[in-house]
Each structure stands twice: as structure tokens, then as C-alpha cells.
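Here's the letter readout for the chains.
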Amino acid sequence: MADAAADENVHAALRQIGTLHDARHVIFDNDTRFMFASVFDGSWDTYIDDFAQTVVGARFDKVFSHSEEFPGVTDPGVKDWFVAHQEPAGVFVSAYPDLTVQQIYKDHRVDDAFQEVLDTPEFRAALDNPANAELLATPAFQKLLEEAAA
């Protein structure tokens, strides 16, 4: 249960930070090399500072403590250490390059709310009401209904 609670704390911190799209750790070359890759919104400096101030920083320390000369995520030299050990991606592709994490969170909230509306008898009654026929026939409304059904 402790691991589940710790994971919840990390997810809560990531939600609070609100800039991380994804992150991954990879161990390779017969367990002699380690790669950390992440995608985030905003500046790299802010990204590291934000993590250092949450439970995520403790996770960084735990994982990177096995790396040579890692100073600790709260150490003033940690950014220099990361820069000295980073490699640029040869190729990077994003399915949604123009969406921030905050926009994605909002899209999910709006979708959840819209789905709740679609499931109400009041919405069904509005669809069946002849007074709404003109609105319902618009391409924009039809597109909305098609997207909701997808």
C-alpha cells in the first residue's frame, strides 16, 4: 500500500506542476547505461526547479543517485550536471505539438462535462424539441455530435 500512496503523491505533484507530458527511464548496454527522457512545457530551468520542490525531486534523487557524481536534485550544480550529461534527440515527433498539458487537462474536463450532458434526459428532450431544429441542423452542431459519438 505504501507504494500506491507514494505513486499517488507523485501523480498529485505532477498534476500540480502541470507541465510534464511524459517521461521514461531506460537502462541499456548490459545495465551499464541509463537514459532519462521527458517531454514538458516551458523552460528546462523551470522544469527542474519545479521537480526539485516536490516529491518528484526525491524520486529523481533515488533514481539518479546511481549515476556518477550526481549532486542531488536540490544541489545548485544539478542543472550543470544534467547539461553535461545530456544528448539531443536525433528525431522527435509529437502527435499534439501545439497542446500544453494544461490545455489537455482542460480538454478532458470539458469532455467529461459534455459527456455528462449528453447522458441526461433534458439533453435528449432538447434534441427532440422542434424549436431547436435549426440549431441542430447546423454543420457545427452535427460535427459536435459526430465527435461526441466517436
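Heads up: these notes are all about the structure in this document. For every chain, the first residue of the written sequence is number 1, and numbering continues from 1 onward in sequence order. For a predicted model such as this one, the threshold for reporting local features is a pLDDT of at least 70, and the threshold for listing and counting side-chain atom pairs is 80 or more; totals across whole chains, interfaces and linings nevertheless cover every residue. Side-chain measures here rest on the full set of heavy atoms in the structure, leaving out hydrogens and waters.

### Re the pairing of strand 2 (residues 33–40)
Then step 1. The pairing criterion for strands is at least two bridges between them, as found by DSSP. Here a helix means four or more residues in a row that DSSP labels H or I, a strand means two or more in a row labelled E, and each is numbered from the N terminus. Bridge count between strand 1 (residues 20–28) and strand 2: 8 bridges; the pairing is antiparallel. Each residue of the ladder has a partner; that of Phe28, found in strand 2, is Arg33.
Then step 2. Between strand 1 and strand 2, which follow one another and run antiparallel, lie 4 residues, and Asp29 among them has a positive phi close to 50°.

### Thoughts on the nonpolar core
Nonpolar side chains tend toward joint burial in soluble globular proteins.
Then step 1. Here, the term nonpolar core denotes a set of buried Ala, Val, Leu, Ile, Met, Phe, Trp, Tyr and Cys residues that are joined through side-chain atoms within 4.5 Å. When a residue's accessible area, from a 1.4 Å probe over protein chains only, is under 20% of the maximum for its type it is buried; when over 50% it is exposed; and in between it is partly exposed. Counting 16 residues, the largest nonpolar core has Phe51, Val56, Phe60, Phe70 and Phe82 as its most contacted members.
Then step 2. The set of elements that each furnish at least two residues to this core consists of helix 1 (2–17), helix 2 (44–52), helix 3 (55–64) and helix 4 (78–85).
Then step 3. In terms of residue count, helix 1 provides more of this core than any other element does, 4 residues in total.
Then step 4. For this analysis, residues touch if any pair of their heavy atoms sits within 4.5 Å. The contacts of Phe60, once residues within four sequence positions are left out, are Phe36, Ile48, Phe51, Ser65, Phe70, Val73 and Phe82.

### Digging into the pattern of salt bridges
Then step 1. Salt bridge criterion: a side-chain nitrogen from Lys or Arg within 4 Å of a carboxyl oxygen from Asp or Glu. Inspection of every chain in the model, using the stated rule, returns 4 salt bridges.
Then step 2. Among the ionic pairs, Arg33 bridges to Asp29, the shortest N-O distance being 3.2 Å.
Then step 3. One network of salt bridges, in which partners are shared, links Asp45, Asp49 and Lys79.

Worth remembering: the numbers are spatial, not functional.
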